Amino acid sequence: MLGKHTDMIARPRPRSRKWFRGEGWTALFFLLPGLIGIVLFLVLPILASIALSFTNWQLLGTPRFVGISNYTRLFTTDPQFWTVMRNTIFFTVEYLVLNIVISLGLATWISSLKIGQRWFRVIFFLPTFTPLIAVAMVWMLIFTSGGLFDSLMAALSLPFSGVLNDRTLAMQAVVLTSIWAGVGYNTVLFNAALDMVPATYLEAARIDGATAWDRFWKIRLPLISPTLFFGTVMTAITSLQVFDQIFVMTKGGPGSSTATLGYAIYQRGFQNFQMGYASAIAWVMFALIMALTALQFWFQRKWVHYDA
Amino acid sequence: MKRSLIFAAALAASSLPGIGAKAQDAPVTLTWQMWGEPNDAQLWQQLADLVTQQYPNIKVQLQLSGWTDYWTRLPVLTASGQVADIVSMQSMRMPNFYSILTPLDDYVKNSDVKVADFETSIMSGLSHDGKLYALPYDVGPWMVFYNRDKFAAAGLKEPAKDWTFDDFKADAKTLTKDGTYGYGTQGFDFIAGPVALGAEYFNSDNEFDLTNAGFVDAFSKYADLTAKDKLSPVFASAADASAASGRFASGNVAMYIDGPWTLITAQANVKFKIGIAPLPRGSGPSRFITAGSGWGISATSQHKDAAFKALQVLSGPKAAEILGSAGRALPARLAQQTAWYDGAAKNVSGTRDTLQYMFAHTTPFRINEKWNQFENLVMQYVPLTLTGDSKPEGVLSDIQSQLP
């Protein structure tokens, strides 16, 4: 018994020593360029930004330690912060719901097609290849006063014009652009998951008299729920960081109606030279993303089914 | 053997700056950070070569970057200790950056540079707390660019130099017809315009005071041109600061406000005759703000004396003539402004008279370290009053509250 025990402990030891003598070092050597890159351009800047968020660094001159005053200022006196926070959450919720619903709908529709599945997948995935900056520029021109969108609305006698200059509609224009650019990724993802659902399950259900709706709701959806969960979490994270569309289309305006956390970081850091303050906002954004992601992981237990 | 040789070479190289500092006449290479388009490079290189012609021991190495990149790179290069010896500076950005520059007053005093040779307003624009931080190459007030053909077709007289806001508005009204607007507004109009009407955006402590009655009133006059009288299209919060120049060039607006630094581009883009007029005044006398750019010496430069020699050439009469006749700049040197009037502005009526009138009526362009932030907020918030969504007072107090 004892002998067996020590044997179990002893066995991995020579293997691990050998590992670090031989291939281990070789592996480390080959990983080194990437590792140096990660430490230099990812780990260090992250650590630096934590430190900076407690200073008043203005890019020029030496930073001075100011304790938590950046954070207290953010939460108590900054007149823009709560607007920015509300805009960010508003955008995330609306974009997330629309993106998931639309991409799931498209994915289901594509997988039901008899012919041309591949073509539709490519068509909807194409915007994902396009740089977001370029997409946003084209949509900005469409939405600009007197642009294509305005003439379209006039032709349909709808009362929407100059949306980018409208406090409530500007954000909707940003959401629409983001949907156009981002929905293809989830569509392809969900479509692949739907295709993995065993046809035998669906066939059996059909024989038992389940309607198409039942089959979708009770068989396909639970079976693709892990993919759906992955898509939701990733989409939530990227939409909390929204920046490019805002930067190109509205610059946070009109007023502060489209200013989000991502844009606020850029504005404070690189336009107003308040690097310390911008770092503090970045860490608030990090905390928000962490919290919402944790929440999603918590909720997944209720609706995500892993096929054991 | 080889390794020790390299080591010796490295040792020798690392001790070079010390030797250089001792011997004044040793050749130096100065770095010069400048903004510009790739097709400007040749012009700036010409100026750099001018330095070497005069001082064979001084070589100037030009580092060109785009306008927006320049202002992002400058603080980053400074923070990492890599700022160039000669730093280009715009008067409106001076409050953010004077700390990285060397005060030039002592250098100027011990040289042949005469402060009186330059336009006064730009010398104060490149100073901070009474110290001069850069020598200017160009200067210019904001003024009204107008379409002379449209004025003639509408039977309007050319604007007088001391025209009032009411004259301006009446002309804009006459010119607004057949789908074209009399005026194309953009962000900076809401700063230069109210000042010309006699309003102040600062209090006596050099802090923003946007909600004073005078400024609100003057600001509203400009906002109403779009919001109430519909004499101008609305600009978007993401529009760049020169949004109206494109509409002007395509003939969709008859007047817009810009500076002489864009005249050469404006002329190249239009198929009609351009006129320029001062900004309209209020009930009081005219007053105009000017801006301009120049070159300073970085506070950490190892070759300050050589850099000042180079600076004298770069901001000297010969360089001013080159820039003026190429149309790149209305020279800050008064004597060389002729090069610009006779060259770049040859086909624009009344340029010399108008600008001389404007220089005679300049008011200091008051700026503090929050200026950049203020300009961005103007772009972001002004569209709300142009669409009639918010009242000018509300917008101004929103901007004010975000400039603590």
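Quick caveat, the model's predicted, so the values are computed rather than measured.

**Quick word on the overall build of chain B**
Helix and strand content of chain B: 18 helices and ten strands. Over its C-alpha trace chain B gives a radius of gyration of 23 Å, about what one expects of a compact globule, namely 22 Å for 404 residues. Across its three principal axes, chain B shows a C-alpha extent of roughly 85 × 45 × 40 Å. Expressed as a percentage of the 404 residues in chain B, the buried residues total 54%. As displayed, chain B has an accessible area near 17200 Å², and 51% of this comes from carbon and sulfur atoms. Positive and negative side-chain charges of chain B, numbering 34 and 39 respectively, have mean locations separated by a distance of 4 Å.

**Description of the sheet that holds strand β9 (residues 274–277) of chain B**
All names here are of chain B. The strand order β8-β7-β9 describes an open sheet built from three strands, whose pairing is antiparallel. In this open sheet, the two strands that pair with only one neighbour each are β8 (255–258) and β9. For this sheet, the mean inter-axis angle between neighbouring strands, taken without regard to orientation, is 30°. Sheet topology note: the strand β7 (residues 143–147)/β8 ladder contains four bridges and is antiparallel. Across the sheet, the residue bridging to Val 144 is Ile 257, located in β8.

**Some thoughts on empty space enclosed by the protein**
To locate leftover empty space, one rolls a probe as large as a water molecule over the atoms. According to the stated counting rule, one finds two cavities of 30 Å³ or more in the structure shown. A volume near 40 Å³ is recorded for the largest cavity. The wall of the largest cavity is formed by Pro 136, Tyr 137, Leu 314, Ser 315, Gly 316, Ala 319, Ala 320, Leu 323, Ala 332 and Arg 333 of chain B. Secondary-structure elements contributing two or more residues to the lining of the largest cavity are β6 (135–141) and α14 (317–326) of chain B. It is α14 of chain B that contributes the most residues to the lining of the largest cavity, three residues altogether. Classifying every residue of the lining of the largest cavity by side-chain character gives seven nonpolar, two polar and one charged. What lines the second largest cavity is simply Phe 143, Thr 144, Ser 145, Gly 162, Leu 164 and Asn 165 of chain A together with Ala 236 of chain B. Taken together, the residues of the lining of the second largest cavity break down into three nonpolar, four polar and no charged.

**Structural notes on the interface of chain A and chain B**
Taken together, the 21 residues of chain A in the interface contact 26 residues of chain B. Buried area between chain A and chain B, summed over both chains or domains, comes out near 2100 Å², and the portion from carbon and sulfur atoms is 53%. There are one salt bridge connecting chain A and chain B. A salt bridge links Arg 167 of chain A to Asp 389 of chain B, with the nearest nitrogen and oxygen atoms 3.7 Å apart. Between chain A and chain B we count seven residue pairs in polar contact (both at pLDDT 80 or more) in total. If you list the elements that add at least two residues to the side of chain A that touches chain B, you get α12 (244–249) and α13 (261–271) of chain A. With three residues, α13 of chain A is the single largest residue contributor to the side of chain A that touches chain B. Residues that form the side of chain A that touches chain B fall into these classes: nine nonpolar, ten polar and two charged.

**Regarding the side chain of Ser 279 of chain A**
Among the secondary structure elements, Ser 279 of chain A is positioned in helix α14 (residues 275–303). The residues contacting Ser 279 of chain A, other than those within four sequence positions of it, are Ser 49, Leu 52 and Ser 53 of chain A.

**Examining the sheet that holds strand β1 (residues 28–35) of chain B**
Residue and element names in this part refer to chain B. In space, the five strands of this open sheet follow the order β2-β1-β3-β10-β6, with mixed pairing throughout. At either margin of the open sheet sits one strand with a lone partner, and together these are β2 (58–65) and β6. The average angle at which neighbouring strand axes cross in this sheet is 15°, direction not considered. The pairing of β1 with β2 spans eight bridges and is parallel. Note that in β2 the partner of Thr 31 across the bridge is Gln 61.

**Observations regarding the confidence of the model for chain A**
Across chain A, pLDDT averages 89, with 93% of residues at or above 70. Low confidence marks residues 1–10 of chain A, where pLDDT is under 50. Its contacts with residues over four positions away, or in another chain, come to zero contacts.

**Things to note about the pattern of salt bridges**
All names here are of chain A. Inspection of every chain in the model, using the stated rule, returns 14 salt bridges over all chains. The salt bridge partner of Glu 203 is Arg 206, with a shortest N-O separation of 3.8 Å. Placement of both Glu 203 and Arg 206 in helix α10 (residues 199–207) is noted, with a separation of three residues, approximately one turn of the helix. Since its relative accessible area comes to 40%, Glu 203 is described here as partly exposed.

**Some points on the environment of Gly 269 of chain A**
Residue and element names in this part refer to chain A. With respect to the helices, strands and loops of the structure, Gly 269 is situated in helix α13. For Gly 269, a relative accessible area of 1% corresponds to the buried category. In the structure, Gly 269 is positioned 34 residues away from Thr 235 in sequence and 26 Å away in space, judged by C-alpha atoms. When neighbours within four sequence positions are excluded, Gly 269 is seen to be in contact with Leu 59, Gln 274, Met 275 and Ala 278.

**Quick word on the side chain of Gln 373 of chain B**
Positionally, Gln 373 of chain B belongs in helix α17 (residues 371–386). The class of Gln 373 of chain B is buried, set by a relative accessible area of 14%. When neighbours within four sequence positions are excluded, Gln 373 of chain B is seen to be in contact with Asn 272 of chain A together with Gln 402 and Leu 403 of chain B.

**Thoughts on the environment of Arg 148 of chain B**
Residues and elements named next belong to chain B. The topology assignment puts Arg 148 in helix α7 (residues 148–153). Taking C-alpha positions, Arg 148 is 30 Å from Ser 237, a pair spaced 89 residues apart along the chain. With residues near it in sequence (within four places) discarded, Arg 148 still touches Glu 158, Lys 273, Ile 274, Gly 275 and Ser 349.

**Some words on the pairing of β1 of chain B**
All names here are of chain B. With seven of eight residues buried, β1 is to be regarded as a mostly interior element. With helix α2 (residues 41–54) bridging β1 and its parallel neighbour β2, the resulting β-α-β unit is right-handed. Relative to strand β3 (residues 86–90), β1 is paired through two bridges, and the arrangement is parallel. Bridged to Trp 32 within β3 is Ile 86.

**Some remarks on helix α7 (residues 132–143) of chain A**
With twelve residues, α7 of chain A ought to run about 16 Å at 1.5 Å a step, and its terminal C-alpha atoms sit 16 Å apart, in line with that. Where α7 of chain A is buried, its residues meet α8 (148–155), α9 (169–196) and α12 of chain A.

**With respect to the nonpolar core**
In terms of nonpolar packing, the biggest core is built from 136 residues, with Trp 32, Trp 142, Tyr 201, Trp 295, Phe 365 and Trp 371 of chain B touching the most fellow members. The residues contacting Trp 32 of chain B, other than those within four sequence positions of it, are Trp 44, Leu 47, Ala 48, Val 60, Gln 61, Leu 62, Gln 63, Ala 84, Ile 86, Ser 88, Trp 295 and Leu 314 of chain B. Membership of the second largest hydrophobic core comes to 19 residues, among which are Val 84, Ala 264, Ile 265 and Met 285 of chain A.

Cut-offs used in this document
- Residues numbered from 1 in each chain as written.
- Chains lettered and ligands numbered in written order.
- Predicted model: local features only at pLDDT ≥ 70, side-chain atom pairs only at ≥ 80, totals over all residues.
- Heavy atoms only, no water.
- Helix = DSSP H or I, 4+ residues; strand = E, 2+ residues; numbered from the N terminus.
- Rg over C-alpha atoms; globule rule 2.2 N^0.38 Å.
- Buried < 20%, exposed > 50% of the residue type's maximum accessible area, 1.4 Å probe, protein only.
- Areas by Shrake-Rupley, 256 points an atom, 1.4 Å probe, with all protein chains shown as cover.
- Lys, Arg positive; Asp, Glu negative; His and termini not counted.
- Charge placed at Lys NZ, Arg CZ, Asp CG, Glu CD.
- Pairing = 2+ DSSP bridges.
- Axes fitted to C-alpha atoms, helices over the stretch in contact; angles between N-to-C directions.
- 1 Å grid on protein atoms, 1.4 Å probe; cavity = no way out; pocket = protein on both sides within 12 Å on 5 of 7 lines; lining within 4 Å.
- Points joined across faces, edges and corners; volume = space filled by probe spheres on them.
- Nonpolar A, V, L, I, M, F, W, Y, C, P; charged D, E, K, R; others polar.
- Contact = heavy atoms within 4.5 Å.
- Buried area = accessible area lost by both parts, 1.4 Å probe.
- Salt bridge = Lys/Arg side-chain N within 4 Å of Asp/Glu carboxyl O.
- Polar contact = N/O pair within 3.5 Å; in protein donor to acceptor, adjacent residues only side chain to side chain.
- pLDDT = per-residue confidence, 0-100.
- Right-handed = clockwise from strand over helix to strand, strands pointing away.
- Expected span 1.5 Å × (residues − 1).
- Core = buried A, V, L, I, M, F, W, Y, C linked by side-chain atoms within 4.5 Å.

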